[in-house]
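Examining the three-dimensional arrangement
What follows is the residue order along each chain.
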Amino acid sequence: MSKILFVLTGADHLTLADGTRHPTGYWAEEVVTPYEAVKAAGHEVVVATPGGVVPPVDRGSLAPDYNGGQENADRVAEVLASSPEFRHPVKLTEVDLADYAAVYYPGGHGPMEDLAVDADSGRLLTLALDSGKPLGVVCHGPAALLAATREDGTNAFAGRRLTGFTNTEETQGGLADKVKWLLQDRLVELGAEFVEGEPWSPLLVVDGNLVTGQNPASSAPVADELLKKLAG
């Protein structure tokens, strides 16, 4: 079948407005749910990170409350621990988009620390968008879109219809007044048409080959849509 590229953060913290570090990484559900869907469909997953560092999971995302109970939380942790793709990522700089049928960016607050300012990731996102290949981005993953600057200085995602973690969700999550910037605000500033749904409820927005999800609950619909596009 096809190879699907998962681009994960390499950051284990988010620097807050006061200079302190908030522990983070990638959000487990947003990685494991699409990973299992892609694998079940017979595709291969390759994980890439800045510098090829082993991606850090946000330990908070492994809590029972976020996984429907302790049993599933343990299962999710085991998937991450036992799957070699997450232990042996490739370097973003070594990625050749031609090798992949689709690209997926999960969230967690980590992308706000590194992928939001990663030029290599920005170039990859621009190429993926322009290629017509399915491109899925979830929750805080759209922070990476901020680095997708074209040679003329415009952002590749200006004018595109998309979603991501909302200001309301950041407020309810307790970090809105502590972070340096809010994702929804930045996406609007770059010229994207931001779609906001109900807090914490699944929201899928499709604009051509771009498939975005608002929050962790949206990772399954995004994965399903990516697989539909691959099959079609």
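Refer to the structure above for everything that follows.
These figures come from a predicted structure and were not determined experimentally.

Our focus in this paragraph is the pairing of strand β6 (residues 102-105). On any regular strand, side chains alternate: one points to one face of the sheet, the next to the other face. The side-chain alternation of β6 yields two buried faces, one formed by A102 and Y104 and the other by V103 and Y105. Where strand β1 (residues 3-7) meets β6, three bridges bridge the pair, whose relative direction is parallel. Directly across from L5, in β6, lies its bridge partner V103. In this structure, β6 lies alongside strand β7 (residues 135-138), joined through three bridges in parallel fashion. In the sheet register, Y104 faces β7, and the bridge partner there is G136.

In this structure the tally under the stated criterion is four aromatic pairs. Consider the rings of W27 and Y66, whose centres lie 5.0 Å apart with planes at 75°: the pair is edge-to-face. One end of the pair, W27, is in the loop between β3 (21-23) and α1 (28-40); the other, Y66, is in the loop between β4 (44-49) and α2 (70-82), and 39 residues separate them in sequence.

Moving on to the sheet that holds strand β10 (residues 204-207). The strand order across the open sheet built from seven strands is β5-β4-β1-β6-β7-β11-β10, with neighbouring strands paired in mixed fashion. Two strands in the sheet have a free side with no partner beyond their single neighbour: β5 (90-91) and β10. Across the sheet, α1 is in contact with β1, β4, β6 and β7; its angle to β1 comes to roughly 175°. Lying on the sheet, helix α5 (residues 119-131) is in contact with β1, β6, β7 and β11 (210-213); it crosses β6 at an angle near 135°.

Further remarks concern the nonpolar core. L5, F6, L80, Y105, L135 and F157 are the most contacted members of the largest nonpolar core, which totals 65 residues. With five residues, α1 is the largest single contributor of residues to this core.

Take α5 next. Its 13 residues place the ends of α5 18 Å apart at the C-alpha level, agreeing with the 18 Å of an ideal helix rising 1.5 Å per residue. All of the buried residues along α5 are S121, G122, L124, L125, T126, A128 and L129. Lining the buried residues of α5 we find β1, β6, β7 and β11. One side-chain oxygen of the residue at the start of α5 lies 3.0 Å from the amide nitrogen of D120, identifying that residue as D118. G132 lies just past α5 and shows a positive phi near 85°.

Checked against the element boundaries, S83 lands in the loop between α2 and α3 (84-87). Within the structure, S83 has its side chain in polar contact with the side chain of Y35 (distance 3.3 Å).

This part is about the packing of α1 against helix α8 (residues 219-231). For any two helices packed against each other, the geometry comes down to the angle between their axes and how far apart the axes lie. Between α1 and α8, the least distance of the axes is 9 Å, while the angle of their chain directions is 30°. The angle between α1 and α8 places the two elements in the roughly parallel class. Once α1 is placed against α8, the crossing between them reads as right-handed. Residues E29, E30, T33, P34, A37 and V38 of α1 touch α8, and the partners they reach there are S219, A220, A223 and L227. Here the residues of the contact of α1 with α8 are counted per class, giving six nonpolar, two polar and two charged.

Definitions and cut-offs
Every chain is numbered on its own, with residues counted from 1 as its sequence reads. Reporting in this predicted model follows two pLDDT cut-offs: at least 70 for local features of residues, and 80 or more for side-chain atom pairs to be given and counted; totals over whole chains, interfaces and linings ignore these cut-offs and use all residues. For side-chain calculations, the full set of non-hydrogen atoms in the structure is used, while hydrogens and water are omitted. Under the scheme applied here, a residue whose accessible area is under 20% of the maximum for its type counts as buried, over 50% as exposed, and between as partly exposed, the area being computed with a 1.4 Å probe on protein chains only. The helix and strand labels rest on DSSP assignments: H or I over at least four residues marks a helix, E over at least two residues marks a strand, and numbering proceeds from the N terminus. By this definition, two strands are paired if DSSP reports at least two bridges between them. Planes of paired rings set the category: under 30 degrees apart is stacked, over 60 is edge-to-face and the rest tilted, where pairs are Phe, Tyr or Trp rings (Trp by its six-membered ring) whose centres lie within 6.5 Å. Note on contacts: a residue pair is in contact if any heavy atoms of the two residues lie within 4.5 Å. Geometry is summarised by axes, namely lines fitted to C-alpha atoms with helices restricted to the contacting stretch, and by angles between N-to-C directions that run from 0 to 180 degrees. The term nonpolar core refers to a set of buried residues drawn from Ala, Val, Leu, Ile, Met, Phe, Trp, Tyr and Cys, joined through side-chain atoms within 4.5 Å. Between the first and last residue of a helix there are one fewer steps than residues, each counted as 1.5 Å, and that sum is the expected span. Two N or O atoms count as a polar contact when they lie within 3.5 Å, although within protein this holds only if one can serve as hydrogen donor and the other as acceptor, and sequence-adjacent residues are included solely when both atoms are side-chain atoms. The scheme is simple: roughly parallel for angles under 35 degrees, roughly antiparallel for over 145, roughly perpendicular for 65 to 115, oblique for anything else. By definition, turning the near helix anticlockwise from the far helix through less than a right angle yields a left-handed crossing, and turning it clockwise yields a right-handed one. Classification convention: Asp, Glu, Lys, Arg as charged; Ala, Val, Leu, Ile, Met, Phe, Trp, Tyr, Cys, Pro as nonpolar; all other residues, Gly among them, as polar.

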